[in-house]
Amino acid sequence: MSLMAASARSTPAADSPGMGLRERKKLKTRAAIRDATYRLITEQGYAATTVEQIAEAAEVSPSTVSRYFPTKEDIVITDECDAMLEAELRARPADEPIVDSLKHVIAQAVHLGFDDDPEVSRLRTRLQVEVPAVRSRMMESMSVTGQLLCRVIGERTGRDADALEVRVYAMALVGALMETTLYWAEHGHQEELRDLMDRTLETFSVLLGGTPGAPPG
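Residue positions are counted from 1 within each chain, in the order its sequence is given. Owing to the predicted nature of the model, reporting of local features is limited to residues with pLDDT of at least 70; listing and counting of side-chain atom pairs is limited to 80 or more, with chain, interface and lining totals taken over all residues. Hydrogen atoms and water are omitted, and side-chain values are computed over all heavy atoms in the structure.

**Thoughts on the packing of helix α1 (residues 21-44) against helix α2 (residues 51-58)**
In this description, a line fitted to the C-alpha atoms serves as the axis of each element, helices being fitted only across the stretch in contact, and the angle between N-to-C directions of two axes falls anywhere from 0 to 180 degrees. Per the convention used, a helix needs a DSSP run of H or I reaching at least four residues, while a strand needs a run of E reaching at least two, with both numbered from the N terminus. Between α1 and α2, the shortest axis-to-axis distance is 8 Å and the interhelical angle comes to 120°. Accordingly, the angle class assigned to the pair α1 and α2 is oblique. The way α1 lies across α2 gives a crossing that is right-handed. Listed contacts from α2 to Ala32, Ile33, Ala36, Thr37, Arg39, Leu40 and Gln44 of α1 are Gln53, Ile54, Ala57 and Ala58. Within the contact of α1 with α2, the residues separate by chemical class into seven nonpolar, three polar and one charged. Geometric relationships in this document are graded by angle, where less than 35 degrees denotes roughly parallel, more than 145 denotes roughly antiparallel, 65 to 115 denotes roughly perpendicular, and other angles denote oblique. Crossings are assigned a handedness: left-handed for a near helix turned anticlockwise from the far helix by less than a right angle, right-handed for a clockwise turn. Residue contacts follow a heavy-atom distance rule, with two residues in contact if any of their heavy atoms lie within 4.5 Å. By the convention adopted, Pro, Cys, Tyr, Trp, Phe, Met, Ile, Leu, Val and Ala count as nonpolar, Lys, Arg, Asp and Glu as charged, and the other residues, Gly among them, as polar.

**A word on the nonpolar core**
To form a nonpolar core, buried Ala, Val, Leu, Ile, Met, Phe, Trp, Tyr and Cys residues must be joined to one another through side-chain atoms within 4.5 Å. Three exposure classes are used, based on accessible area relative to the maximum for each residue type with a 1.4 Å probe and protein chains only: buried under 20%, partly exposed in between, and exposed over 50%. Judged by nonpolar contacts, the single largest core of 40 residues is most densely connected at Leu89, Ile98, Leu102, Leu149 and Leu173. If you look at the next biggest cluster of nonpolar residues, it comprises ten residues, including Ala36, Ile54, Ala55 and Tyr68.

**Digging into the pattern of salt bridges**
Think of a salt bridge as a Lys or Arg side-chain nitrogen and an Asp or Glu carboxyl oxygen that are within 4 Å of each other. Per the stated rule, a full pass over the model turns up twelve salt bridges. Two residues, arginine 122 and glutamate 119, come together in a salt bridge whose shortest N-O distance is 2.9 Å. With arginine 122 and glutamate 119 both in helix α7 (residues 118-130) and three residues apart, this pair spans about one turn of that helix. According to the relative accessible area criterion, arginine 122 is partly exposed, its value standing at 26%. Taking the relative accessible area as the measure of exposure, glutamate 119 reaches 54% and is therefore exposed. Three or more residues joined by partner-sharing salt bridges are found here, namely Glu86, Arg90, Arg151 and Glu155.

**Notes on α2**
If you check which residues of α2 are buried, you get Ile54, Ala55 and Ala58. Across the axial projection of α2, the buried residues extend over an arc of 100°, all falling on one side. Of the exposed residues in α2, those oriented more than 90 degrees away from the buried face are Glu52 and Glu56. Next to the buried residues of α2 lie α1, α3 (62-68) and α4 (72-77). Relevant arc is that of directions from the helix axis to the C-beta atoms, nothing else.

**Some words on the confidence of the model for the protein**
Values of pLDDT, the confidence the predictor places in each residue, fall between 0 and 100. With 82% of its residues at a pLDDT of 70 or more, the protein shows a mean pLDDT of 84. Taken element by element, the predicted model of the protein shows its lowest mean pLDDT in helix α6 (residues 98-116) (76) and its highest in α2 (97). The low-confidence segment residues 6-11 (pLDDT under 50) makes 26 contacts with residues lying over four places distant or belonging to another chain.

**Quick word on the side chain of aspartate 74**
Within the secondary structure layout, aspartate 74 lies in helix α4. If near-sequence neighbours (up to four positions away) are discounted, aspartate 74 is found in contact with Phe69 and Arg137.

**Considering the packing of α1 against α7**
It is at 11 Å that the axes of α1 and α7 come closest, and there the two elements cross at 70°. By the angle between their axes, α1 is roughly perpendicular relative to α7. As α1 packs across α7, the resulting crossing turns out to be left-handed. Contacts between α1 and α7 involve Tyr38, Ile41 and Thr42 on the former and, on the latter, Val120, Leu123, Arg124 and Leu127. Its residues placed into classes, the contact of α1 with α7 shows five nonpolar, one polar and one charged.

Okay, here's the thing in structure tokens:
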């Protein structure tokens with residue numbers, strides 16, 4: 001989802017080791033659709049860009065675009081970073097506070113994603129602010145990242161991932177990080193996104209304490 005829309009690479013490299021031909025073709029198609037979408041939006045605006053135009057620019061059929069991305073908004077907000085985020089969080093020390101783990105993982109994601117294509121990062125977050133449909137779809141998709149955080153937090157604390165306290169904590173984290181990307185865009189992308197993320201996580205840690213079931217801090 002778009003939690004890391006500004007800070008994670010939209011699509012893993014299609015030449016990743018061990019990736020099969022079918023998966024590489026899928027990734028290339030997704031990348032082509034995204035690239036065409038961003039180019040058209042930059043040239044003529046979001047509202048004027050149609051799925052048919054995107055398909056033509058990406059050299060695929062409109063049905064292919066819809067198969068990969070059910071709505072135009074999904075092209076902007078969908079990414080493949082959730083699996084990466086979960087894997088990186090699981091690789092952190094089991095006794096590390098989840099906020100500290102997130103600081104580490106987000107710092108890496110910001111470095112890789114923003115350096116890879118800063119203009120796309122700015123465009124995606126700007127659309128989340130300016131286009132109500134994009135923002136609405138982004139909020140709908142928050143549950144996906146929230147669920148993965150619930151799993152990690154549950155494992156860290158020995159609590160049920162579906163426990164109310166775990167769910168509230170995870171979704172509060174997701175909401176805080178989403179607001180950070182919106183703040184970044186609303187203020188013209190003037191500040192460093194990594195610094196804003198650090199401020200957010202520090203604020204979250206101070207206001208809500210530690211991971212549920214664990215000592216504050």
